[in-house]
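Below, each chain spelled out in residue letters.
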There are 2 protein chains.
Amino acid sequence: MCFHWRMSATADLLRAAGVRVTSGRVRVLDSLAAAAQPLSHADLESLLPDADRVTLYRVLDSLVACGLALKAVDARGVFRFSASGAQREHGGHVHFRCTDCGGVFCLKAVPPPPPKLPRGFRLAEVDYDVRGTCADCVRRTA
Amino acid sequence: MCFHWRMSATADLLRAAGVRVTSGRVRVLDSLAAAAQPLSHADLESLLPDADRVTLYRVLDSLVACGLALKAVDARGVFRFSASGAQREHGGHVHFRCTDCGGVFCLKAVPPPPPKLPRGFRLAEVDYDVRGTCADCVRRTA
DNA sequence: TTGCAAATGCAATCATGTTGCAAATCGTGC
DNA sequence: GCACGATTTGCAACATGATTGCATTTGCAA
């Protein structure tokens, strides 16, 4: 019998997203995927002590840029990152951002149609941002 | 005839809130009330060039503590403050942001209905943010 | 295997927000 | 009106989070 070594699913995700597979990206994405809550840069730094501070920032940015991670701001003004449920189109649907833990949740709702603009205005982007407190944080602070 | 000098409404607000009336608090609260959108510390610094950086932070904190101002975090992770008295509904309100000149325009469009949230989630704000180029900038760059 | 664009590591820098302490100020009691 | 004490201010230093420039290393495709 012959078992081919199966490349990690994480590496496949990275390849599918069209970015290079590097140890940094694999480890960071794995950490994000394993985390129950969105992680800050500081969280990841203590989780991956070998990683360089700046590289960590750049890895996170690249993951966000290629759609594999989501970036949000928590109540203290710190960026927090989470693995995006992946391969899901992240345009064309609505996100809920928890202002407490910085989590981003994908809602089933369909984004509303673009509104009518005053004469001469040119539309580029529409952002339907829903903010509040997620169930976990509601329970935790109750 | 005798006209009593009418203390500014802002000073009255401060007194009513149980904090001392200082020039810093009056100027900051006036700025917040006059602003069309929540202001960052940097905004206020350029709006009130005489004010000390740290004092500004402390004034803002005191206004938040006594309930006269609201503190929130913007998408870039920066704290923004708004006068809470000024009943400016900035949730459920449609904005058009010109990516060229940075101007913000309040659209008359009806805000879309809040989407259905998963069980336990608490809604705080809905921001329907529309970006593009305003008529002036379209004309200027044409 | 080799070449090259992309990614990394390091140092420096910026931006935002906080703390400690002496001097100035507000508001109260006289 | 005046003086006193608690708040507030201004300044300097510090802390944390995030970004930039550049030389070196690495992924990956020819």
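Just so it is clear, the structure is predicted and the values come from calculations on it, not from any experiment. (Residues numbered from 1 in each chain as written. Chains lettered and ligands numbered in written order. Predicted model: local features only at pLDDT ≥ 70, side-chain atom pairs only at ≥ 80, totals over all residues.)

A. Structural detail: the overall build of chain A. Assigned secondary structure in chain A consists of five helices and six strands. What you see in chain A, going N to C, is helices and strands ordered as α-α-β-α-α-β-β-β-β-β-α. When burial is assessed residue by residue, chain A has 24% of its 142 residues classed as buried. Looking at chain A alone, contacts between residues at least 24 apart form 49% of all its contacts between residues at least 6 apart. (Helix = DSSP H or I, 4+ residues; strand = E, 2+ residues; numbered from the N terminus. Buried ≥ 20, exposed ≤ 12 C-beta atoms within 10 Å, placed from the backbone. Contact = placed C-beta atoms within 7 Å.)

B. Examining the environment of Leu39 of chain B more closely. Residues and elements named next belong to chain B. As for its placement among the helices and strands, Leu39 is situated in strand E1 (residues 39-40). Its 23 C-beta neighbours within 10 Å are what place Leu39 among the buried residues. Distance from Leu39 to Phe79, taken between C-alpha atoms, is 8.3 Å for residues 40 residues apart in sequence. For Leu39, the residues in contact, after removing those within four places along its chain, are Ser31, Leu32, Leu44, Arg80 and Phe81.

C. Geometry of the sheet that holds strand E2 (residues 69-73) of chain A. Residue and element names in this part refer to chain A. Spatially, E1-E3-E2 is the arrangement adopted by the three strands of the open sheet, whose pairing is antiparallel. The two strands at the open ends of the sheet, each matched to only one other strand, are strand E1 (39-40) and E2. Taken together, the five bridges between E2 and strand E3 (residues 79-83) define a ladder with antiparallel strand orientation. When the sheet's bridge partners are listed, Leu70 is paired in E3 with Ser82. Along the sheet, helix H2 (residues 23-34) contacts E1, E2 and E3; its crossing angle with E3, the most-contacted strand, is approximately 85°. The strands that helix H4 (residues 53-65) touches are E2 and E3; relative to E2, the one it contacts most, it runs at about 110°. (Pairing = 2+ DSSP bridges. Axes fitted to C-alpha atoms, helices over the stretch in contact; angles between N-to-C directions.)

D. Broad picture of the protein's contact with DNA strand C. Taken together, the neighbourhood of DNA strand C is formed by 23 residues, with Thr22, Gly24 and Thr55 of chain A together with Val21 and Phe79 of chain B sitting nearest. Among the elements that make up the surface near DNA strand C, the one with the highest residue count is H4 of chain A (five residues). Of the residues belonging to the surface near DNA strand C, the class tally is ten nonpolar, eight polar and five charged. (Near = placed C-beta within 6 Å. Nonpolar A, V, L, I, M, F, W, Y, C, P; charged D, E, K, R; others polar.)

E. Region of the structure containing the environment of Ala65 of chain B. Residue and element names in this part refer to chain B. Structurally, Ala65 is set in helix H4 (residues 53-65). Overall, the presence of 12 C-beta atoms within 10 Å leaves Ala65 in the exposed class. Between the C-alpha atom of Ala65 and that of Cys106, which follows or precedes it by 41 residues, the distance is 29 Å.

F. Highlighting the protein's contact with DNA strand D. The immediate surroundings of DNA strand D are formed by 24 residues, with Val21 and Phe79 of chain A together with Thr22, Gly24 and Thr55 of chain B found nearest. Contributions of two or more residues to the surface near DNA strand D are made by helix H3 (41-47) and H4 of chain A together with helix H2 (23-34) and H4 of chain B. A class-by-class count of the residues in the surface near DNA strand D yields ten nonpolar, nine polar and five charged.

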